[in-house]
Amino acid sequence: MSLLSSLRSIISPRQSHQAGIEPTRPWPRAIGAANPAKAVTPAQNGHRRERIGPYEATSTRPRVADWERVQYGPNAAFDNGDIARARAQDAVRNNPWLRRALKILVAHEIGCGLQPRPKIEDAGLRKDLLALWNDWTAEADADGTSDFYGWQGLLSRARRESGEVFVRLRGRLPQDGLSVPLQVQAMESAMVPMRHNAMNGKNTIRQGIEITPFGTRAAYYFYAQHPGESSFFLSSASLNTDGLTRVPAQVVFHHYTPERPGQLRGVPTPIAALVRARNFDAYESAELTRKKSRAKFVGAIHRETDEENPITDDAIIKDLDAREKQRSYVDLEDGYMLSMAQTERATLFDGDGGNSGIDFLRVQLRAIAAAMGVPYELMTNDYADTNDRVMKVILNAYYRELEMEQDRMVSQVLQPVWVAWLNAVALDRIIRMPRGYLDNPRPWQRCEWRSHAWSYPNPLQEAQTKKILVDEGFTSRSAVVAEMGWDVADVDQQNADDQARERALGLSYGKDPAPIQQQDTVQP
């Protein structure tokens, strides 16, 4: 073939096909790229667009054909929230790993409680308010089961287990004998029906929450009694939508973690671990049953000759003694040796491998811990292949996530409770507030909430690091003390009182006394 015909076959595939020459396949694609008018578009190549697509996750290949394609809204995705909540509560009740993870999360998030640090310039007023607040915390819980800081732990646990918790302000009468006529009541998620959807004038009721046309919350609808309580004295009217009580949103605080914009109700923390935890329980149960069944059989006794083997010789079976024919098991006791006939031998069953399933268990438990948002090491107490440096990295990331949860509790519950409490103090004139409080209360309502500091693997290094930061001016004592959960004014006053008491008693604690510097003397 001449050079000219070869060029014609490349440029004109139809002519080359007539000549019986197969054109090179990459060339038409290259020519199409150079000439956009002749390029094959995705619309013309529908098969390729359907099978591959620009993203592999949008493909319709058989291996992802059963992948969910429905784009649920932030609330439609949780219309069956009552089912998810019931299963999450059941799993926490019965699964030890989920229960352990939940306790760790609550203990690290709340600890001894998040305490207020008012930003009030008047030191005397701040001291009086904190003294009154400390008196009120013992009687704050409307159910009377714990103080205000233990009540915070109840909120955290309910939010994680059920996805959310509601707090209702309860005003009290002066004759009730409270330091401040106000209490707070925690109400489970089930008290607000998930399937209550209706219209109230221009407002929309969605999942038990009434929303204005502007998107703000107007009210919540509560059952008169918990729908999960099954007793003979519960009336059926209190468990249907006709018996719901409309409570204005101004006296209800909704504590939950919204994961999508516009989401109204909370999702239980164990939701992503429920199926895996249930399968893990089934696997453990089946494995335990297998081991128990296998442990009953220590071994087997084999007979060497066919004449004495009742399985292979039917004629001998008929002549066997009745007692010998019924004998299929040999009972063994601890410390006994089995005496066998000359033609018998015992074969003992091998036990299970020691660590054959440890890696599988760790993978499953790590997935459960990841779904719960807790470090695997803390949930299982398995610190193998972990040192203090690795644990520090793990705890730093874990504490950062908990700080987000603490901030959410402050903004959704604690700060609104502080504002309502201050208003009750001012309106009932329990403490004389400044003259401008009722006109503009915000300067007196500013408050920081601090939890007790978390412990670290190496507290000495942490203390030295903070001291260096303060000495070099990169932070302040006030910031360091605030991170530890205390107020710097209180710490300074305590230090001053301690030093005065030490001087009065002739004591010397703390730093070593500075050495006396000797002056150089001039020799005559």
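Everything here concerns the structure above.
Scope of this entry: the structure provided in the associated data block.

The rules behind these values
Residues numbered from 1 in each chain as written. Predicted model: local features only at pLDDT ≥ 70, side-chain atom pairs only at ≥ 80, totals over all residues. Heavy atoms only, no water. Salt bridge = Lys/Arg side-chain N within 4 Å of Asp/Glu carboxyl O. Helix = DSSP H or I, 4+ residues; strand = E, 2+ residues; numbered from the N terminus. Buried < 20%, exposed > 50% of the residue type's maximum accessible area, 1.4 Å probe, protein only. Phe/Tyr/Trp six-rings, centres within 6.5 Å; stacked < 30°, edge-to-face > 60°. Expected span 1.5 Å × (residues − 1). Arc of directions from axis to C-beta. Contact = heavy atoms within 4.5 Å. Core = buried A, V, L, I, M, F, W, Y, C linked by side-chain atoms within 4.5 Å. Pairing = 2+ DSSP bridges. Axes fitted to C-alpha atoms, helices over the stretch in contact; angles between N-to-C directions. Patch = residues over 30% accessible without salt bridge, like charges linked within 9 Å, V, L, I, M, F, W, Y side chains within 5 Å. Areas by Shrake-Rupley, 256 points an atom, 1.4 Å probe, with all protein chains shown as cover. Bend = angle between axes of the 7 residues up to and from the residue.

It is worth spelling out the pattern of salt bridges at this point. The tally for this structure, following the rule as stated, stands at 19 salt bridges. The salt bridge partner of Arg93 is Asp90, with a shortest N-O separation of 3.5 Å. Within this pair, Arg93 and its partner Asp90 are both found in helix H5 (residues 81-94), separated by 3 residues, close to a single helical turn. For Arg362, the salt bridge identified is with Asp382, shortest N-O distance 3.1 Å. Residue Arg362 is found in helix H12 (residues 358-372), and its partner Asp382 is found in the loop between helix H13 (376-380) and helix H14 (388-427); the two are separated by 20 residues along the sequence. Residue classification places Arg362 among the partly exposed residues on the basis of a relative accessible area of 27%.

Moving on, we get to the packing of aromatic side chains. Taken as a whole, this structure holds 16 aromatic pairs when the rule is applied. The interplanar angle of 50° and the centroid separation of 6.4 Å between the aromatic rings of Trp136 and Trp421 together place this pair among those described as tilted. Taken together, the residues span a long stretch of sequence, with Trp136 in helix H7 (residues 123-137) and Trp421 in helix H14 at a distance of 285 residues. Assessed through its relative accessible area of 0%, Trp136 is described here as buried. A residue is classified by how much of its surface remains accessible, and Trp421, at 0% relative accessible area, is buried. Measuring from ring centre to ring centre gives 5.9 Å for Tyr398 and Tyr399, while their planes differ by 40°; the resulting arrangement is tilted. What makes Tyr398 buried here is its relative accessible area of 3%.

Helical geometry: 3.6 residues make up each α-helical turn, so side chains three or four residues apart lie on a common side. The terminal C-alpha atoms of helix H9 (residues 274-295), which comprises 22 residues, lie 31 Å apart, in line with the 32 Å expected from a rise of 1.5 Å per residue. Inspection of H9 places Leu274, Ala277 and Phe280 among the buried residues, and these make up the whole buried set. For H9, the angular spread of the buried residues around the axis is 125°, confining them to a single face. Seen from the buried face of H9, the exposed residues on the opposite side, beyond 90 degrees, are Val275 and Arg278. Packing partners of the buried residues in H9 comprise H5, helix H6 (96-110) and H12.

Glancing now at the side chain of Thr269. Along the chain, Thr269 turns up in the loop between strand S9 (252-256) and H9. If we skip the residues at most four places from it in the chain, Thr269 touches Arg160, Ala371 and Met372.

Here the focus is the nonpolar core. Core analysis: the largest hydrophobic core is formed by 40 residues, its most contacted members being Leu129, Phe148, Trp421 and Trp449. One finds Ala88, Leu105, Tyr399 and Trp454 within the second-largest nonpolar core, a separate group that totals 26 residues.

Ordered by their spatial adjacency, 5 strands build an open sheet running S4-S5-S6-S7-S8, and the pairing between neighbours is antiparallel. Strands at the two margins of the open sheet, each flanked by one partner only, are strand S4 (198-200) and strand S8 (245-248). In this sheet, adjacent strand axes meet at a mean angle of 30° when their direction is disregarded. Pairing analysis gives 3 bridges linking S4 to strand S5 (residues 203-206), with the strands arranged antiparallel.

Right, let's get into a nonpolar patch on the surface. Residues Leu505, Leu507 and Tyr509 make up a contiguous nonpolar surface patch of roughly 340 Å² in combined accessible area. Along the polypeptide, Leu507 turns up in the segment after helix H18 (488-505). Accessibility expressed as a relative area gives 37% for Leu507, which makes it partly exposed.

Right, let's talk about H14 for a bit. Along H14, the helix axis deviates most sharply at Val410, where the bend reaches about 50°. Remark: Arg429 follows H14 within two positions and exhibits a positive phi of approximately 55°.

In strand S12 (residues 447-450), alternate side chains face the same way, and those of Cys447 and Trp449 are buried while those of Glu448 and Arg450 on the opposite face are not. Across 4 bridges, strand S1 (residues 115-118) lies against S12 in antiparallel orientation. When the sheet's bridge partners are listed, Pro116 is paired in S12 with Trp449.

In short, geometric facts, not functional conclusions.
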